[in-house]
Amino acid sequence: MRPEKLLFPTPEGLYCPAGAFHVDPVRPVDRALITHGHSDHARSGHRAVLATRQTLDIMKLRYGEDFCESEQAVDLRAVLDVGGVAVSFHPAGHVLGSAQIAIEKDGTRIVVSGDYKRSADPTCAPYQPVACDVFITEATFGLPVFHHPDPRAEIGKLITSLKQFPERSHLVGAYALGKAQRVIALLRQAGYGEPIYIHGALTKLCDYYQAQGIDLGELRPATVERGNQDEFRGAVIVGPPSAFADRWARRFSDPVSSFASGWMMVRQRAKQRGVELPLVISDHCDWPELTQTIREIAPQQVWVTHGREEALVRWCELQGIAARPLHLVGYEDEGD
């Protein structure tokens with residue numbers, strides 16, 4: 001079967017007519033296969049949803065028990081028949097529960113990677129390459145300029161700052177799903193054993209991660225009203241980026257403003273956000289990891305979506321790999 005007949009873009013998202021399902025649709029559909037729980041990929045309102053158990057749980061936490069009419073959990077690497085199409089989910093290394101989706105019929109296999117990363121992450125299963133004819137890759141950081149540093153070294157900067165400014169609280173902006181838990185886990189791996197304070201928007205997801213066996217250590221609510229501001233001197237406080245513009249962030253005395261994101265490589269972005277301590281910690285591949293992955297999989301075709309599509313398409317062409325941009329809309333960088 002020609003790949004373009006097995007899967008193609010529609011206004012709702014990628015659609016497989018043979019199996020009558022969409023992958024990460026941006027609008028409500030009858031049957032949705034979801035790669036992971038970030039809101040630009042996992043939306044509520046679908047009639048039926050197929051995803052990993054952890055992604056389904058995360059969608060319930062974010063959208064409520066009635067986020068869809070019916071749900072089906074799939075084990076990683078298990079092959080399911082969906083309308084005559086063989087479907088399997090494989091670790092993507094992006095956030096807890098994230099998966100690539102392999103779609104196969106009549107000898108043609110397409111892998112939709114969703115969002116993925118290759119660097120080690122103590123909070124989720126590591127990425128595993130899946131052989132395929134067509135690899136659909138994101139390109140969030142799909143420019144040669146993006147070479148992300150070792151996350152452990154970035155966390156080391158935070159540890160150093162805590163020692164240099166023991167009288168100041170350190171307010172770390174990190175997205176609620178994936179990034180916040182990863183930052184906390186990296187701090188624990190670095191030997192930081194003090195309580196970490198978290199914004200209320202992180203509580204449910206951090207509790208879920210802990211229930212899934214991911215040790216985040218002692219977490220306390222970052223609630224100033226219940227205590228003295230002195231409680232937060234020298235402490236690490238983690239909150240969603242949106243909270244930085246809220247009164248919540250102004251309740252801490254003389255905080256060191258930090259933000260964990262791959263975009264902190266761009267100095268202008270850090271400056272615009274007023275970030276004093278940028279931490280370049282990304283939950284997406286950088287340029288070397290994107291190109292390494294494509295070389296490793298060696299697909300016949302590469303389809304590029306949501307990000308810097310044209311540069312990666314051009315690189316593929318120079319390597320003799322057929323490639324094209326999908327120009328899908330509605331996918332942002334919530335997880336970074």
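See the structure shown above.
Nothing here was measured: the structure is a model prediction, and the numbers come from that model. (Residues numbered from 1 in each chain as written. Predicted model: local features only at pLDDT ≥ 70, side-chain atom pairs only at ≥ 80, totals over all residues. Heavy atoms only, no water.)

A. Quick peek at the overall build of the protein chain. Along its length, the protein chain carries eight helices and 19 strands. Taking 336 residues into account, the globule formula puts the C-alpha radius of gyration at 20 Å, and the protein chain, at 20 Å, falls close to it. Along the first, second and third principal axes, the C-alpha set of the protein chain runs to 65 × 45 × 30 Å. For the protein chain, the proportion of its 336 residues judged to be buried stands at 56%. A fraction of 59% describes how many contacts in the protein chain between residues 6 or more apart in sequence connect residues 24 or more apart. (Helix = DSSP H or I, 4+ residues; strand = E, 2+ residues; numbered from the N terminus. Rg over C-alpha atoms; globule rule 2.2 N^0.38 Å. Buried < 20%, exposed > 50% of the residue type's maximum accessible area, 1.4 Å probe, protein only. Contact = heavy atoms within 4.5 Å.)

B. Region of the structure containing the environment of Val95. Among the secondary structure elements, Val95 is positioned in the loop between strand 8 (85-91) and strand 9 (99-105). Residue class for Val95 comes out buried when judged on its relative accessible area of 2%. Taking C-alpha positions, Val95 is 9.4 Å from Pro126, a pair spaced 31 residues apart along the chain. Other than its neighbours up to four places away in sequence, Val95 contacts His36, His38, Cys124, Leu177, Gly178 and Tyr209.

C. Seen up close, the sheet that holds strand 18 (residues 301-307). Here seven strands make up an open sheet; going across it, the order is 7-8-9-10-11-18-19 and the pairing mixed. Looking along the sheet, the strands with just one partner apiece sit at the ends: strand 7 (79-82) and strand 19 (322-325). For this sheet the average axis-to-axis angle between neighbouring strands, irrespective of direction, equals 25°. The pairing of strand 11 (residues 134-139) with strand 18 spans six bridges and is parallel. Paired with Glu138 across the bridge in strand 18 is Thr305. In the packing of helix 7 (residues 287-297) onto the sheet, the strands contacted are strand 11 and strand 18, and the crossing angle to strand 11 comes to about 175°. (Pairing = 2+ DSSP bridges. Axes fitted to C-alpha atoms, helices over the stretch in contact; angles between N-to-C directions.)

D. Up close: empty space enclosed by the protein. Under the definition given, this model contains one cavity of 30 Å³ or more. Of the voids in this model, the largest cavity is the one considered here, and its volume is about 90 Å³. Along its surface, the largest cavity is lined by Leu14, Val23, Asp24, His41, Val112, Gly114, Ile136, Glu138, Thr305, His306, Leu328 and Tyr331. Those elements giving two or more residues to the lining of the largest cavity turn out to be strand 11 and strand 18. Among the residues forming the lining of the largest cavity, the class breakdown is six nonpolar, four polar and two charged. (1 Å grid on protein atoms, 1.4 Å probe; cavity = no way out; pocket = protein on both sides within 12 Å on 5 of 7 lines; lining within 4 Å. Points joined across faces, edges and corners; volume = space filled by probe spheres on them. Nonpolar A, V, L, I, M, F, W, Y, C, P; charged D, E, K, R; others polar.)

E. Representation of helix 4 (residues 179-189) in the model. Most of helix 4 is tucked away: 10 of the 11 residues are buried. Where helix 4 ends, the next residue or the one after it, Gly191, has phi of about 95°, a positive value.

F. Here's a closer look at the pairing of strand 8. Of all seven residues in strand 8, six are buried; the element is thus mostly enclosed. Two elements, strand 7 and strand 8, share four bridges in a ladder whose sense is antiparallel. Looking at strand 8, one finds that Val79 is bridged to Ser88. A loop of two residues connects strand 7 with strand 8, the two strands running antiparallel in sequence, and Gly83 in this loop sits at a positive phi of about 65°. In this sheet, strand 9 lies alongside strand 8 in antiparallel orientation, the contact comprising six bridges. Looking across to strand 9, one finds that His90 is bridged to Gln100.

G. Examining the pattern of salt bridges more closely. Under the defined criterion, the tally for this structure stands at 18 salt bridges. Note that Arg168 is salt-bridged to Glu276, the shortest N-O span being 3.1 Å. Taken as a pair, Arg168 in the loop between helix 3 (151-164) and strand 12 (170-173) and Glu276 in the loop between helix 6 (267-273) and strand 17 (277-279) lie far apart in primary sequence, 108 residues in all. A relative accessible area of 10% places Arg168 in the buried class. Of the residues examined, Glu276 reaches a relative accessible area of 45% and is grouped as partly exposed. Between Asp283 and Arg182 there is a salt bridge, with the nearest N and O atoms lying 2.8 Å from each other. Linking Asp283 in the loop between strand 17 and helix 7 with Arg182 in helix 4, this pair joins segments that are 101 residues apart in sequence. Each member of the pair, Asp283 together with Arg182, is buried. Among the charged side chains, a network of salt bridges with common partners joins Arg53, Asp57, Lys60 and Glu71. (Salt bridge = Lys/Arg side-chain N within 4 Å of Asp/Glu carboxyl O.)

H. Representation of the sheet that holds strand 1 (residues 8-10) within the structure. Strand order across the open sheet formed by six strands is 1-2-3-4-5-6, with mixed pairing between neighbours. Across the chains shown, the open sheet's two edge strands, defined by having one partner strand only, are strand 1 and strand 6 (68-73). On average, each strand axis in the sheet is inclined to that of its neighbour by 35°, with strand direction left out of account. As paired elements, strand 1 and strand 2 (residues 13-16) share three bridges and run antiparallel to each other. Note that in strand 2 the partner of Phe8 across the bridge is Tyr15. Relative to the sheet, helix 2 (residues 53-63) contacts strand 5 (46-51) and strand 6, its axis offset from that of strand 6 by approximately 155°.

Just distances and angles here, no functional claims.
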